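# Summary of the model geometry
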Amino acid sequence: MLHVSNKDARKLALSQQGLLSAVPKFGKGKGAVLRAIEHLGYIQIDAISVIQRAHHHTLWTRVPSYQPHYLYRLLARDKQIFEYWSHAAAFLPIKDYAYSLCLKNFLSQKDKHWYRVDPKLKNQVLKRVEEEGPLYARDFETPGGHSGEMWGWKPAKRALHELFMEGRIAIKSRDNFQRLYDLTERVIPGQSVPDVSVPSLTEYIWHLCQQAIRAHGLVTVPEIRYQRHISKGQVERLLRNKISQGEITEVKVGNSSPSYYSFPELMEEVPRRVIKQMHFLSPFDNAIIQRKRVKELFDFEYQTEIYYPVHKRRYGYFSLPILFGT
């Protein structure tokens, strides 16, 4: 087991997040946006745009030359990223597409993800998309805007969501943040996906471990499992196996109680010199989205108060954490 100070652990975490270098870690332009998404594993999508929508804000923080159209070109034209679910709605790199199949297959065997939808309605919604081509949820409104019992906007929208989560349809593009749905095979053609075979459970968990360590430098088991349909025991068994093979190392940070895990080579790359910079972070930024991690590693307690009633808010509806140095 390796022992590192809290300060070095924070340096490594921020460095891996692309928030600690005077020179942008991912470079410039559209290519940098793709490199950032591939390195971080996902970029959370959020509809709130008090300052700017979370996905644009998070990428701009790491790619100073960022322009919103870079993201949509990567999605709709280049097909190098796709929309699906990470711990929330997210843009993900197309190279990781196969790992999304694990959740899709799991959900397709359940009655619902968020909503319980009449199977007949789901099939009818799917048939319309198949026959008519790309459709928005608004395309399922009845004439005059009045919702009928079967084709009501909300039931159809829920059916679209469930079909999306099962992988039967995908998001082709957006118009003013409204999703345009089409059949998955028409949105993500086979030639753009490096592998469409479904990974085994072990392969899937190992992917999550590698992704989390690559993005954060060092992570705990709960952080790897965050909002995932895998058990603590499954992750711990795989990590023990990888430790015995020398691919993973266990790390103790300061006097903290949880064990962290990292790659041996990463622990040799902790930055020694830090150029202090100021970043205003999105509340949904990858670096701070796991509030318990931020509390344990940075001793910083933060909550998104948009979900709190007014009388319980300390700082206001939408406050941005400020990062300066380590």
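Summary of the structure given here. On a predicted model such as this, the values are computed, not experimentally measured, just so you know.

The next subject is the nonpolar core. The biggest cluster of nonpolar side chains holds 58 residues, and the ones touching the most others in it are Val 33, Tyr 84 and Ile 169. Setting aside residues up to four positions removed in sequence, Val 33 forms contacts with Leu 59, Val 63, Tyr 66, Tyr 70, Leu 71 and Leu 74. By size, the runner-up hydrophobic cluster in this structure holds 30 residues, among which are Ile 213, Val 219, Leu 238 and Tyr 261.

Following both chains from N to C, one finds helix α1 (residues 6-16) and helix α9 (residues 201-216) inclined at 105°, their axes separated by 6 Å at the closest point. Classified by the angle their axes make, α1 and α9 are roughly perpendicular. Mapping the contact onto sequence places Leu 12, Ala 13 and Gln 16 in α1 and Ile 213, Arg 214, Ala 215 and His 216 in α9. Looking at side-chain class alone, the contact of α1 with α9 contains four nonpolar, two polar and one charged residues.

Strand order in the open sheet formed by three strands is β5-β7-β6, with antiparallel pairing between adjacent strands. Both outer strands of the open sheet, β5 (135-136) and β6 (169-175), are each paired with one neighbouring strand and no more. Pairing of β5 with strand β7 (residues 178-183) involves two bridges; the strand directions are antiparallel. Paired with Tyr 136 across the two strands is Leu 180, which belongs to β7. Across the sheet, helix α6 (residues 119-132) lies against β5, β6 and β7, angled at about 80° from β7, the strand it touches most.

What follows is about the pattern of salt bridges. This structure, assessed with the given rule, holds 17 salt bridges. The partner of Lys 11 in a salt bridge is Asp 8, and the shortest N-O contact between them spans 3.8 Å. Taken together, the residues span about one helical turn, with Lys 11 and Asp 8 both in helix α1 at a distance of three residues. Here Lys 11 falls in the buried class, since its relative accessible area comes to 8%.

With that out of the way, let us pick up the sheet that holds strand β3 (residues 81-85). Taking strand neighbours across the sheet as the criterion, the three strands line up as β2-β4-β3 in an open arrangement whose pairing is antiparallel. Bordering the open sheet on either side are β2 (43-44) and β3, each of which pairs with just one other strand. Bridge count between β3 and strand β4 (residues 89-93): five bridges; the pairing is antiparallel. Residue pairing in the sheet places Trp 85 in a bridge with Ala 89 of β4. Contacts between helix α5 (residues 97-108) and the sheet are confined to β3 and β4, with β3 contributing the most and set at about 30° to the helix.

Calculation rules
- Residues numbered from 1 in each chain as written.
- Predicted model: local features only at pLDDT ≥ 70, side-chain atom pairs only at ≥ 80, totals over all residues.
- Heavy atoms only, no water.
- Core = buried A, V, L, I, M, F, W, Y, C linked by side-chain atoms within 4.5 Å.
- Buried < 20%, exposed > 50% of the residue type's maximum accessible area, 1.4 Å probe, protein only.
- Contact = heavy atoms within 4.5 Å.
- Axes fitted to C-alpha atoms, helices over the stretch in contact; angles between N-to-C directions.
- Helix = DSSP H or I, 4+ residues; strand = E, 2+ residues; numbered from the N terminus.
- Parallel < 35°, antiparallel > 145°, perpendicular 65-115°, else oblique.
- Nonpolar A, V, L, I, M, F, W, Y, C, P; charged D, E, K, R; others polar.
- Pairing = 2+ DSSP bridges.
- Salt bridge = Lys/Arg side-chain N within 4 Å of Asp/Glu carboxyl O.

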